[in-house]
Amino acid sequence: MQQNTNAAVDEMPDGESLQQILTTTVGNQTFGIPVLCAQDILRPRPIARVQQAEAYVSGLINLRGRIVTVIDLRHWLGFESADANEQMHVVMEFEGDLYSFLVDSVGDVVKVPTAAVEAVPPNLPAQWRMVIKNVLRHDGELILIIEGDALLTELSNN
Amino acid sequence: MDDLLQEFIAEATENLAVIDQELVRLEQNPNDAEILGNIFRLVHTVKGTCGFLGLGRLEKVAHSGENVLGKFRDGELDVSPNAVTIILECIDRIRDILSAIEETGSEPEGDDSKLIKNLDDLLLGDAPGATAADAGTSDISADDENGTITMNEFGAPVAAEFMAEFEAATNTAPISQEASTPEQDVQPEASPLTESSSADSTALPPCDAPSAEEDEAAEAAPAQKRESVATTSSLRINVDVLENLMTLVSELVLARNQLLQMVRGYDDHEFAVPLQLLSHITTDLQEGVMKTRMQPIGNAWSKLPRIVRDLSVAQGKKIDLVMQGAETELDRQILDLIKDPLTHMVRNSADHGLESPEDRIAAGKPESGTINLNAFHEGGHIIVEISDNGRGLNTERIRQKIIEKKILPESGARALSDQQVQQYIFHPGFSTAEKVTNVSGRGVGMDVVRTNIEQINGSIDLMSVQGEGTTVTIKIPLTLAIISALLVKCKSERFAIPQFSVLELVRTAPNSEHQIEYIQQMPVLHLRNQLLPLIRLDQLLGLDDPDEDSKTEDSFVVVTKTGNSTFGIIVDKVFDTEEIVVKPVSPILRNIKQFSGNTILGDGSVIMILDPNGIAASIGDIDTNLKTKADNDKSASVDEKKLPLLLFKGEGDEPMAVPLVLVARLEDIPANEIERSGGYNLVQYRDTLMPLVSLGEGNTLDERESHPVLVFADRGRQFGLVVNEVLDIVDDTINVEMPSIRKGTLGSAVINGRATEVLDSAYYIQKALGDSFVANSNPAAGLTGQRPRTLLVDDSNFFRSLISPLLSVEGWDVTAVSSAKDALALRDAGEEFQLIISDIEMPEIDGFSFASNVRNDGRWQSTPLIALSSKTTVNDINRAHEIGFTDYVAKNDREGLIRSIRSVLTDKAA
């Protein structure tokens, strides 16, 4: 996945590299997901619950015959939970399994210079820092870059 | 050996086809070392293998051919067309012999000396002259007449047929990994032969074993050539291709299911026929593809004879290994997974199970022990039995180990039945081998075996009779990829339960034959004389319970068996079974042990697959508690004979039971005769006032004309227990299977085929004739005399409750305590008793220690002490007397106890 992220970097004529970021909102915050990490963006659909699963797991969906584990970003980030039947799925692949991150809405794809990426401020809550490693400034707005791999690595190991 | 031979022929035929082509290439590029290397290696393999299989004629021919090829390779001989012709002739001869072996199973008679001489001449003569060539050709033509004709008329067709049959029978040849194994195994075996035969023909340089590079090159070359090999009817296919095919078929099955789901309910539609066809073809395809993955279990056994042989030599044992059902097929994935467990268990049998010849003779058994391996199909499963006729498990030693390793407290371990004790060898870190040999006892034990088997949804059972042997039965599914599952619904959720763990479905409803009964809120089902613990799936998984009355609703119990426990899962609804493709859950969900995977159903929805093992484990705490307690009581009363029991209805409709010996009389007392006084219900009965108590904690009687009453007599005093209805008197054993926390009952047992609560009569004696009552009681009843006091020490609640009333009837004032510690506390508190009755097997301080403590010190030094034990060996009895017990009585011998008490007291008085 890290490679994919790098592959999303375009070379600008003047040598500056650009990164394509899909913007999404969760709660009142804008988050970005590197475009090449996102395998699918899906409309709301019924989610099969998994009993006894951690609260941040919304359940499972069927994506063309493959089972996708749905992760409730709102819950993970500490926002109030929303109706999962109205939330969009951003699907990523991690170590051969598919995961979907539930977001409130999906916005545009923005191209931002890689240089605009800054490290995440250390005063964010630990839960946030597990999934967000970098912050971007774009058009006067802060976009927190979601790194699914980082979170999933953490979750799989527990 | 037959299988080996067939495999060899299949492989050799394939190799020969390659050699033909390689030789032709060689002729064109005489100096291509790689080609030479390949040919040499192939011939070498053939030669080596036939040496191993005892095919002498073939070996000689191949050997001579190999020598020539060796010279080619080393550059000592030019690759001339003449030489190649002779080599080809040699190859043809090998082929002829092979096809004859295929037909008859043994080497044909024949004279190869000419051919061999030609080859040898080629080797010796620096330049094979015209004569040699002529001789060669003439020989070839002569041979051709014999050879090719047989080939054409019989060889080829028969061979093809044979190959087809062979494949159908084994399915092994096409799978490259497996098929190539024997070849690799064989080679090292063959090399000594190579050397020795090389030494015979002095003129030859010793043949080198093929180097690794050659091996690799050779491996690659046949792969390229394979498509053009038309003569062989078996191919080797990369496992990945098969796996991929399997996945695709799985998806096809899903799509098919989806389609079927969509048209279900429409009886008459235009798709019916093509859909049916599609369905059949899909099923056939699925079976076909599954078949390609199937391998005989014998493949997993192939190494066992050698292992057993080595073991028997190393340990000086004589062991026969009998293998049956080696042709039983199962999925190669599963085969791989059970290989190690099987090997481990056979090792175990050979190492621990079987005795040395001297021991066996001493035990009156035949000198050589037998290990039996038996595999067969049974209802969608493969059963593999590994049995030996050795010494069996030493349950006593396992018990000691359980105590040593602190897996269970001593009392717990003592209370286990032999069968239960045996199961502990599956406990992690358990090895009873007294010495750790290089064979077993390396810490990897039966627990690993069990884990491995359970991982593939199999189960393992063990049965052992000391002195007679051990049988381990493994039940494994045929395949893992697609399983048949039962779909159930609980609340609004659907789940799949693997069909192989489902024993039966029971529909339950109130007032029906099968109804869910509750013991302390724990649901149980009484099914054919067995109390089955039930698990409410909604509670287990924390499903919402919108309907509080669901307890009374009709529901289904899925009777499920895992490893060694059987339980029922309560669900709301049962749909049909469906073939599902098991998909593993993502790693972040893997910690949920109730699920073994997830799947996509025909309708596209995702559902979870329940894992019966996980469910059994997640209720394990409750379950084992119940079990241990129940087992304690059970084993305590195992030697109980059947005793007459009075069955009655207590407060409600549930049956209760009490040993008849405790009940003096049954009466029906009219309600108007019952008087109330001093908070008691009393009745004038045989000129005395008899207190009446009702069941439960209260003391009120419901309104009715008369009350059935059980009259309990307690040394002249008596009380009546008011019940709802007296049912019956039956002879049965009381095996309390569910302990009780409710006052007044000892627990529940299956009596007369129903879940029945056993009355705790001691509780009601206390309730009716408690001290306060004694104080208020009518002195005319003759209660003034000071009753002798006895102390009863027994950790079993059941026994205390059973014996206390008996002693009371005998006129004793009984103080019952559950441990020696409590008893000693009473002593230190200055209590006086005229008699002490103590159990022997107790936790912490056992009866012996208790007795020696009592005898050595304190105020009870001269108090008569009776041991009451279920163990009545001479040793125990002697030891008891030595320590200072006055008498020793078997637990089930109540008459004996009474006699003993009387005689002890008489002796003391005398």
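Above this note sits the structure.
Residues numbered from 1 in each chain as written. Chains lettered and ligands numbered in written order. Predicted model: local features only at pLDDT ≥ 70, side-chain atom pairs only at ≥ 80, totals over all residues. Heavy atoms only, no water.

Trainee: What is the right way to read the overall build of chain B from this model?
Mentor: Regarding its fold elements, chain B presents 28 helices and 35 strands. The buried share of chain B, reckoned over its 910 residues, is 50%. By sequence separation, contacts in chain B at least 24 residues apart represent 67% of the contacts at least 6 residues apart. Surface accessibility of chain B: about 41,800 Å² in total, with carbon and sulfur atoms responsible for 50%. (Helix = DSSP H or I, 4+ residues; strand = E, 2+ residues; numbered from the N terminus. Buried < 20%, exposed > 50% of the residue type's maximum accessible area, 1.4 Å probe, protein only. Contact = heavy atoms within 4.5 Å. Areas by Shrake-Rupley, 256 points an atom, 1.4 Å probe, with all protein chains shown as cover.)

Trainee: Explanation requested: the overall build of chain A in the structure shown.
Mentor: From N to C terminus, chain A includes four helices and twelve strands. Counting only residues that meet the buried cut, chain A has 49% of its 158 residues in that class. Of the contacts formed within chain A by residues at least 6 apart in sequence, a portion of 54% connects residues at least 24 apart. Split by element, the accessible area of chain A, about 7,600 Å² in all, is 46% carbon and sulfur.

Trainee: Explanation requested: the interface of chain A and chain B in the structure shown.
Mentor: It is common to give the size of an interface as the accessible area lost on bringing the parts into contact. With 20 residues of chain A at the interface, the matching set in chain B holds 24 residues. Buried area between chain A and chain B, summed over both chains or domains, comes out near 1,800 Å², and the portion from carbon and sulfur atoms is 61%. When the buried area of chain A at its contact with chain B is split by residue, Gln51, Gln52 and Ile67 of chain A rank highest and sum to 33% of it. At the boundary of chain A and chain B, one finds one salt bridge. Among the ionic pairs, Arg49 of chain A bridges to Glu493 of chain B, the shortest N-O distance being 3.4 Å. For the pair chain A and chain B, the number of links is three residue pairs in polar contact (both at pLDDT 80 or more). Listing elements by their share of the side of chain A that touches chain B, those giving two or more residues are strand 5 (57-63), strand 6 (66-72), strand 8 (97-103) and helix 4 (148-157) of chain A. Of the residues assigned to the side of chain A that touches chain B, the class counts are ten nonpolar, six polar and four charged. (Buried area = accessible area lost by both parts, 1.4 Å probe. Salt bridge = Lys/Arg side-chain N within 4 Å of Asp/Glu carboxyl O. Polar contact = N/O pair within 3.5 Å; in protein donor to acceptor, adjacent residues only side chain to side chain. Nonpolar A, V, L, I, M, F, W, Y, C, P; charged D, E, K, R; others polar.)

Trainee: Please clarify how the nonpolar core should be interpreted in this entry.
Mentor: In a soluble, globular protein the nonpolar side chains are often hidden away together inside. Residues Phe495, Leu537 and Leu589 of chain B are the most contacted members of the largest nonpolar core, which totals 63 residues. Considering every element that reaches this core, the biggest residue donor is strand 7 (residues 88-94) of chain A, with four residues. The contacts of Leu589 of chain B, once residues within four sequence positions are left out, are Val50, Ala53, Val57, Leu60 and Thr69 of chain A. Of all hydrophobic cores here, the second largest spans 42 residues; its members include Ala413, Val472, Ile474 and Ile476 of chain B. (Core = buried A, V, L, I, M, F, W, Y, C linked by side-chain atoms within 4.5 Å.)

Trainee: Is there a simple way to think about unusual backbone geometry in this case?
Mentor: With the exception of glycine, the majority of residues adopt a negative phi angle, and the majority of peptide bonds are in the trans configuration. With a phi close to 45 degrees, Glu95 of chain A is a non-glycine residue in the positive phi region. If you check the backbone angles, Lys491 of chain B has positive phi at about 55 degrees while not being a glycine. Within the fold, Lys491 of chain B resides in the loop between strand 8 (482-490) and strand 9 (493-498).

Trainee: Looking at this model, I keep getting lost on the sheet that holds strand 4 (residues 40-42) of chain A. Mind explaining?
Mentor: Note on sheets: strands pair through backbone hydrogen bonds, and any given pair is parallel or antiparallel. Residues and elements named next belong to chain A. Strand order across the open sheet formed by five strands is 4-7-8-6-5, with mixed pairing between neighbours. In this open sheet, the two strands that pair with only one neighbour each are strand 4 and strand 5. In this sheet, adjacent strand axes meet at a mean angle of 30 degrees when their direction is disregarded. The strands touched by helix 4 are strand 6, strand 7 and strand 8; relative to strand 7, the strand with the most contacts, the crossing angle is about 70 degrees. (Pairing = 2+ DSSP bridges. Axes fitted to C-alpha atoms, helices over the stretch in contact; angles between N-to-C directions.)

Trainee: I tried to follow the pattern of salt bridges on my own but got confused; where do I start?
Mentor: One side chain can pair with another of opposite charge once the charged atoms of both are near each other. Residue and element names in this part refer to chain B. Counted according to the given criterion, the structure contains 18 salt bridges over all chains. Taking the shortest distance from any N to any O, the salt bridge between Arg93 and Glu89 comes out at 4.0 Å. Remark: Glu89 and Arg93 occur in helix 4 (residues 81-104); sequence separation between them is four residues, near one turn of the helix. A relative accessible area of 7% means that Arg93 is categorised as buried. Judged by relative accessible area, which is 4%, Glu89 ranks as buried. Glu355 is the salt-bridge partner of Lys365, the closest N and O atoms lying 2.8 Å from each other. Note that Lys365 is positioned in the loop between helix 14 (357-362) and strand 4 (369-378) and Glu355 in the loop between helix 13 (332-353) and helix 14, a separation of ten residues in sequence. A relative accessible area of 16% places Lys365 in the buried class. Taken together, the shared-partner salt bridges connect Arg57, Glu89, Arg93 and Asp112 into one network.

Trainee: What is the right way to read the sheet that holds strand 7 (residues 469-477) of chain B from this model?
Mentor: All names here are of chain B. Pairing in this open sheet of five strands is mixed, and the strands run 2-4-5-7-6 from one edge to the other. Both edges of this open sheet fall to strand 2 (319-324) and strand 6 (459-465), since each of them pairs with a single strand only. With direction set aside, neighbouring strand axes in the sheet form an average angle of 10 degrees. Bridge count between strand 5 (residues 381-388) and strand 7: eight bridges; the pairing is antiparallel. Residue pairing for strand 7: Glu385 is matched across the bridge by Thr473. On the sheet, helix 12 (residues 304-315) packs against strand 2 and strand 4 and is oriented at approximately 165 degrees with respect to strand 2. Against the sheet, helix 18 (residues 446-455) engages strand 6 and strand 7, with an angle of about 140 degrees to strand 6.

Trainee: Can you walk me through the side chain of Glu517 of chain B in this structure?
Mentor: Residues and elements named next belong to chain B. The topology assignment puts Glu517 in strand 11 (residues 516-519). In this structure Glu517 comes out as buried when scored by relative accessible area, which is 17%. Other than its neighbours up to four places away in sequence, Glu517 contacts Met522, Pro523, Val524, His526, Arg754 and Ala755.

Trainee: Can you help me understand the side chain of Ser387 of chain B in this one?
Mentor: Examined against the element boundaries, Ser387 of chain B turns out to sit in strand 5. Once residues within four sequence positions are removed from consideration, Ser387 of chain B is found in contact with Thr370, Ile371, Asn372, Thr470 and Thr471 of chain B.

Trainee: Any chance you could explain helix 4 of chain B here in plain terms?
Mentor: Every α-helix winds through 3.6 residues per turn, so residues three or four apart in the chain are directed the same way. Along its 24 residues, helix 4 of chain B runs 34 Å from first to last C-alpha, staying within 8% of the 34 Å computed at 1.5 Å per residue. Positioned one or two residues after helix 4 of chain B, Gly105 of chain B has a phi angle of 85 degrees, which is positive. (Expected span 1.5 Å × (residues − 1).)

Trainee: Honestly, the packing of helix 9 (residues 239-263) of chain B against helix 10 (residues 272-293) of chain B in this entry has me stumped. Any pointers?
Mentor: For any two helices packed against each other, one specifies the crossing angle of their axes together with the interaxial distance. Residue and element names in this part refer to chain B. Packing of helix 9 against helix 10 brings their axes to within 10 Å, and their N-to-C directions diverge by 155 degrees. Comparing the axis directions of helix 9 and helix 10 gives the class roughly antiparallel. For the crossing formed where helix 9 meets helix 10, the hand is left-handed. Where helix 9 approaches helix 10, its residues Leu242, Glu243, Leu245, Met246, Val249, Leu252, Val253, Arg256, Leu259, Leu260 and Val263 are matched on the opposing element by Leu275, Leu278, Ser279, Thr282, Thr283, Leu285, Gln286, Val289, Met290, Thr292 and Arg293. Residue composition of the contact of helix 9 with helix 10, by class: 14 nonpolar, five polar and three charged. (Parallel < 35°, antiparallel > 145°, perpendicular 65-115°, else oblique. Left-handed = near helix turned anticlockwise from the far one by under 90°.)

Trainee: Sorry if this is basic, but what is going on with the pairing of strand 8 of chain B here?
Mentor: Residues in a regular strand point their side chains to alternate faces of the sheet. Residue and element names in this part refer to chain B. Within strand 8, seven of the nine residues are buried, which leaves the element mostly enclosed by the surrounding structure. Summarising the sheet, strand 8 and strand 16 (residues 573-581) pair through seven bridges and their orientation is antiparallel. Bridging across to strand 16, Leu486 finds its partner in Thr577. Bridge count between strand 8 and strand 9: six bridges; the pairing is antiparallel. Each residue of the ladder has a partner; that of Ala485, found in strand 9, is Pro498. Turn length for the strand 8-strand 9 hairpin, with the two strands adjacent in sequence and antiparallel, is two residues, and the turn residue Lys491 shows positive phi of about 55 degrees.

Trainee: What should I look at first to understand the packing of helix 3 (residues 56-74) of chain B against helix 4 of chain B in this one?
Mentor: All names here are of chain B. Between helix 3 and helix 4, whose axes approach to 10 Å, the crossing angle comes to 155 degrees. One element, helix 3, and the other, helix 4, form an angle in the roughly antiparallel class. Considering only the axes of helix 3 and helix 4, their crossing is left-handed. Note on element contacts: helix 4 touches helix 3 through Ala83, Ile87, Cys90, Arg93, Ile94, Ile97, Leu98 and Ile101, opposite Arg57, Leu58, Val61, Ala62, Gly65, Val68, Leu69 and Phe72. Grouping the constituent residues of the contact of helix 3 with helix 4 by class yields 13 nonpolar, one polar and two charged.

Trainee: How should the pairing of strand 7 of chain B be read in this particular structure?
Mentor: Judged from the seven bridges that link them, strand 6 of chain B and strand 7 of chain B form a sheet pairing that is antiparallel. Following the sheet pairing, Val465 of chain B is matched in strand 7 of chain B by Gly469 of chain B.

Trainee: Teacher, can you tell me more about the packing of aromatic side chains here?
Mentor: Taken as a whole and judged by the stated rule, the model has six aromatic pairs over all chains. The interplanar angle of 90 degrees and the centroid separation of 5.2 Å between the aromatic rings of Tyr56 of chain A and Trp76 of chain A together place this pair among those described as edge-to-face. Of this pair, Tyr56 of chain A sits in the loop between strand 4 and strand 5 while Trp76 of chain A sits in helix 2 (residues 73-77), and the two are 20 residues apart along the sequence. Residue class for Trp76 of chain A comes out buried when judged on its relative accessible area of 6%. Ring geometry for Phe833 of chain B against Trp860 of chain B: centres 5.7 Å apart, planes inclined by 80 degrees, an arrangement best described as edge-to-face. With Phe833 of chain B in the loop between helix 25 (820-828) and strand 33 (835-839) and Trp860 of chain B in the loop between helix 26 (847-856) and strand 34 (865-869), this pair connects stretches of sequence that are 27 residues apart. In this structure an aromatic cluster arises from ring pairing among Phe31, Phe79 and Trp128 of chain A. (Phe/Tyr/Trp six-rings, centres within 6.5 Å; stacked < 30°, edge-to-face > 60°.)

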